[in-house]
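If you want the building blocks of each chain, they are given just below.
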Amino acid sequence: MQWRNWLGWLTAGFGLLLILGPHNLFHVCGDEGHMMELANGNLVHMRCWTTASTAQGLGGVVLVLALVMLWSRWRAANRVLGLALAALGGFVALMPTYFTPTCAGPHMVCNLQTRPALIATGIAMMVAGVVGALLARSSDAEGGARPA
Amino acid sequence: MRSGRIGILYLAVQNLRRRPGRLVVSALGVVLAAGTLFALLLGFLGIQKSVAVGLDRLGADLLVVPAGAGGVTQEALVMGSPTMFYMDGSVEEAVAAVPGVAAVSGQVFVETLASSACCTGRVFVVGYDPTTDFTVGPWLTTHLKRTLGPDEVVVGNLLLYETGDLFKLYGTDFAIAARLYPTGMGMDETVFLPRESVYAMARASAERAEQELRIPPGAVSAVLVRVEPGAAPQQVAAAIRERLPEVDVVIRSRVAQQVVAGYRQAIQGVLAAAGAGLATALLLVGILFSAVVNERRRELGLLRAMGGGARDVVRLILVEAALLTGGGGLVGVLVGGGLFFLFQPTIQQALQVPYLWPSAPQLLGLAGATVALAALAGLLAAAGPALRMARREPYDAIRAGGA
């Protein structure tokens, strides 16, 4: 295991944040168990429930990425996986607005908490991924070994 | 020192790049302090703008409401919190007769029933008198270029409806004639319609609505007052209270003061933390440059021995410090501004304050001032070590510099 791989640990942190965040830290709407009653009486999931589920799924992917970074002995791991983290960060940042948007009301909990938190997390992932990849590239260019 | 590529700026950048880890740690404090300061000031400017725009739109200097309703009226004005209370319509005439009052207009407030859908919630509805109104009326004249029909409403900018949509109030359908431009205040979440339509809706609600809307005949909730030019609103308010002890008077200028004072109180702790953070960051920068100067005594001594003057040494150290803290300030502005942009509705809701984004020149000015302040702070923190180094003789510096 690469104990000193800061990008691996940071990526693991992002993964856990995405998995645990939507229902514990930056909440989605919780009315009636994330359900909304239609005019015909049917109960359907609120839109932000899908946002939360997608974020959690992506969190799982990011966590797997972190484990690969921490366990891999591949020299180019941080460079390549850093870019993958940045790409996933872009997806996370755009997700609550474009891919699986939160609810419509600007004052709803999901728009006050989940949406800004996911955008901020996504941007932080992009910055960390790009910086990590660049540092790994310059380290590779100088012939530096992967930290043991 | 001024010829070719190797100028003071080039040397300063190369020196900073030598130890990126130390650079990041030293700049981190400046990033945090500058980011916090920038976000707090953004909040302050936005609230001031919103209050100015919102109260200007209100058009009234005073609001006369039933005794005890002043607080909820202020909440309705600032945040659009729905509220409902009534007083006898004769108050309008009595207020109009008070010396110093130029114009009055009565309004009726209604709180809608809770929506079954998740996204609407309760909405604040205001019935205005089209013949005397100076809140929505002037806007309708210039933008809609007609008066509202009895089955039409105008909605605030934050309500999720489009022009032409139907809006159901206590069982009666109203067509949305227009959306007002944003004010950042309660008006953005308010529905405006003619007062007579509110009375008609109340009469029909017994049959059409889930819950009857009861408004005493001819009653009003508030009387908006515009004072005569030159008259002091405080004095007119006192005169109204003296004549009509059964009312409260909300003064427009005091609402603005209270909102800003409330924000100031809410951010006091954060502001103190930002100040402490900046002081700590400066202390760190001062210590860092003392260490840097000690480490590089030999190098700086050689610089002087090769013809560089004491002033060049001072400039080199000060430029390094200004780059470090100015750069930290710039990153702080980007991070603080970005987070404030993302969480602005959350902060607004938590602090119960109105908000409108400051203009682009104001934003740029504030960002520039924050970066300049951070750079200036760096200059001050590094001035001591720089001057100490400049006073040393080159030979002493080279000899004391060790390896």
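What this report covers is the structure whose coordinates are included nearby. (Residues numbered from 1 in each chain as written. Chains lettered and ligands numbered in written order. Predicted model: local features only at pLDDT ≥ 70, side-chain atom pairs only at ≥ 80, totals over all residues. Heavy atoms only, no water.)

**Observations regarding the overall build of chain A**
Inference 1: A count of helical and extended segments in chain A gives four helices and two strands.
Inference 2: Across chain A, helices and strands are ordered from the amino to the carboxyl terminus as α-β-β-α-α-α.
Inference 3: Here the contacts in chain A between residues at least 6 apart in sequence split such that 73% fall between residues at least 24 apart.
Inference 4: With an accessible surface of roughly 7300 Å², chain A has 68% of that area assigned to carbon and sulfur atoms. (Helix = DSSP H or I, 4+ residues; strand = E, 2+ residues; numbered from the N terminus. Contact = heavy atoms within 4.5 Å. Areas by Shrake-Rupley, 256 points an atom, 1.4 Å probe, with all protein chains shown as cover.)

**Describing the overall build of chain B**
Inference 1: Of the regular secondary structure elements, chain B holds twelve helices and nine strands.
Inference 2: Radius of gyration (C-alpha) of chain B: 31 Å, far over the 22 Å computed for a compact globule of 403 residues.
Inference 3: C-alpha extents for chain B along the principal axes are approximately 100 × 45 × 35 Å.
Inference 4: Here chain B holds 403 residues, and the buried ones make up 47% of them.
Inference 5: Contacts in chain B between residues far apart in sequence, at least 24 positions, make up 78% of those at least 6 positions apart.
Inference 6: Of the roughly 19100 Å² of accessible surface on chain B, 60% is carried by carbon and sulfur atoms.
Inference 7: Both charge centroids of chain B, one from 33 positive and one from 30 negative side chains, sit 22 Å from each other. (Rg over C-alpha atoms; globule rule 2.2 N^0.38 Å. Buried < 20%, exposed > 50% of the residue type's maximum accessible area, 1.4 Å probe, protein only. Lys, Arg positive; Asp, Glu negative; His and termini not counted. Charge placed at Lys NZ, Arg CZ, Asp CG, Glu CD.)

**Notes on the sheet that holds strand β2 (residues 101-111) of chain B**
Residues and elements named next belong to chain B.
Inference 1: Read across the sheet, nine strands follow the order β5-β6-β4-β7-β3-β2-β8-β1-β9 without closing on themselves; strand pairing throughout is mixed. Every other strand in the sheet has two partners, leaving β5 (166-169) and β9 (247-251) as the edge strands with one partner each. The mean angle between the axes of side-by-side strands here comes to 35 degrees, regardless of whether they run parallel or antiparallel.
Inference 2: As judged from the four bridges shared by β5 and strand β6 (residues 172-179), these two strands associate in the antiparallel manner. If you follow Phe-167 over to β6, its bridge partner there is Phe-174. (Pairing = 2+ DSSP bridges. Axes fitted to C-alpha atoms, helices over the stretch in contact; angles between N-to-C directions.)

**A short note on the interface of chain B and chain A**
Inference 1: With eleven residues of chain B at the contact, the number on the chain A side is 13 residues.
Inference 2: For the chain B and chain A pair, buried surface summed over both sides reaches about 1100 Å², with 76% attributable to carbon and sulfur atoms.
Inference 3: At the boundary of chain B with chain A, the tally comes to zero salt bridges.
Inference 4: Our count for the chain B to chain A interface comes out at one residue pair in polar contact (both at pLDDT 80 or more). (Buried area = accessible area lost by both parts, 1.4 Å probe. Salt bridge = Lys/Arg side-chain N within 4 Å of Asp/Glu carboxyl O. Polar contact = N/O pair within 3.5 Å; in protein donor to acceptor, adjacent residues only side chain to side chain.)

**What to know about the packing of aromatic side chains**
All names here are of chain B.
Inference 1: The final tally for this structure, using the stated rule, is eight aromatic pairs over all chains.
Inference 2: Judged by centre distance (6.3 Å) and plane angle (35 degrees), the rings of Phe-44 and Tyr-263 are tilted. With Phe-44 in helix α2 (residues 20-58) and Tyr-263 in helix α8 (residues 252-295), this pair connects stretches of sequence that are 219 residues apart.
Inference 3: Taking relative accessible area as the criterion, Phe-44 reaches 22% and is therefore assigned partly exposed. (Phe/Tyr/Trp six-rings, centres within 6.5 Å; stacked < 30°, edge-to-face > 60°.)

**Section: helix α1 (residues 8-18) of chain B**
All names here are of chain B.
Inference 1: The set of residues buried in α1 consists of Ile-8, Ala-12, Asn-15 and Leu-16. What you see down the axis of α1 is that its buried residues fit within an arc of 100 degrees, all on one side.
Inference 2: Lining the buried residues of α1 we find α2, α9 (297-305) and α10 (310-351). (Arc of directions from axis to C-beta.)

**Some thoughts on the pattern of salt bridges**
Residue and element names in this part refer to chain B.
Inference 1: Within the structure shown, the criterion is met by seven salt bridges over all chains.
Inference 2: With a shortest N-O distance of 3.4 Å, Arg-195 and Glu-92 are connected by a salt bridge. One end of the pair, Arg-195, is in helix α6 (residues 195-208); the other, Glu-92, is in helix α4 (residues 90-96), and 103 residues separate them in sequence. In terms of burial, Arg-195 and Glu-92 fall into one category: buried.
Inference 3: The salt bridge involving Arg-315 is made with Asp-312; its shortest N-O contact spans 3.7 Å. Residue Arg-315 and its partner Asp-312 are both found in helix α10; the two are separated by three residues, about one turn of the helix.

**Here's the deal with the pairing of strand β3 (residues 124-128) of chain B**
All names here are of chain B.
Inference 1: Where burial is concerned, most of β3 is hidden: five out of the five residues are buried.
Inference 2: Where burial is concerned, the two faces of β3 agree: the one with Phe-124, Val-126 and Tyr-128 and the one with Val-125 and Gly-127 are both buried.
Inference 3: In terms of strand pairing, β2 meets β3 through five bridges, oriented antiparallel. Looking at β3, one finds that Phe-109 is bridged to Val-126.

**Some thoughts on the environment of Ala-136 of chain A**
Residues and elements named next belong to chain A.
Inference 1: If you trace the backbone, Ala-136 turns up in helix α4 (residues 109-141).
Inference 2: Taking the C-alpha atoms as reference, Ala-136 lies 42 Å from Met-46; in sequence the two are 90 residues apart.
Inference 3: In this structure Ala-136 touches Asn-78 and Arg-79, once residues within four positions along its chain are discounted.

**With respect to the packing of α8 of chain B against α10 of chain B**
Helix-helix packing is characterised by the crossing angle of the two axes and by the distance between the axes.
Residues and elements named next belong to chain B.
Inference 1: Their axes nearest at 13 Å, the elements α8 and α10 cross at an angle of 160 degrees. Classed by the angle they form, the pair α8 and α10 counts as roughly antiparallel. As α8 runs across α10, the sense of the crossing is right-handed. Of α10, the residues touching α8 (which contributes Tyr-263, Ala-266, Val-285, Leu-288, Phe-289, Val-292 and Val-293) are Ile-317, Glu-320, Ala-321, Leu-324, Thr-325 and Leu-351.
Inference 2: Of the residues belonging to the contact of α8 with α10, the class tally is eleven nonpolar, one polar and one charged. (Parallel < 35°, antiparallel > 145°, perpendicular 65-115°, else oblique. Left-handed = near helix turned anticlockwise from the far one by under 90°. Nonpolar A, V, L, I, M, F, W, Y, C, P; charged D, E, K, R; others polar.)

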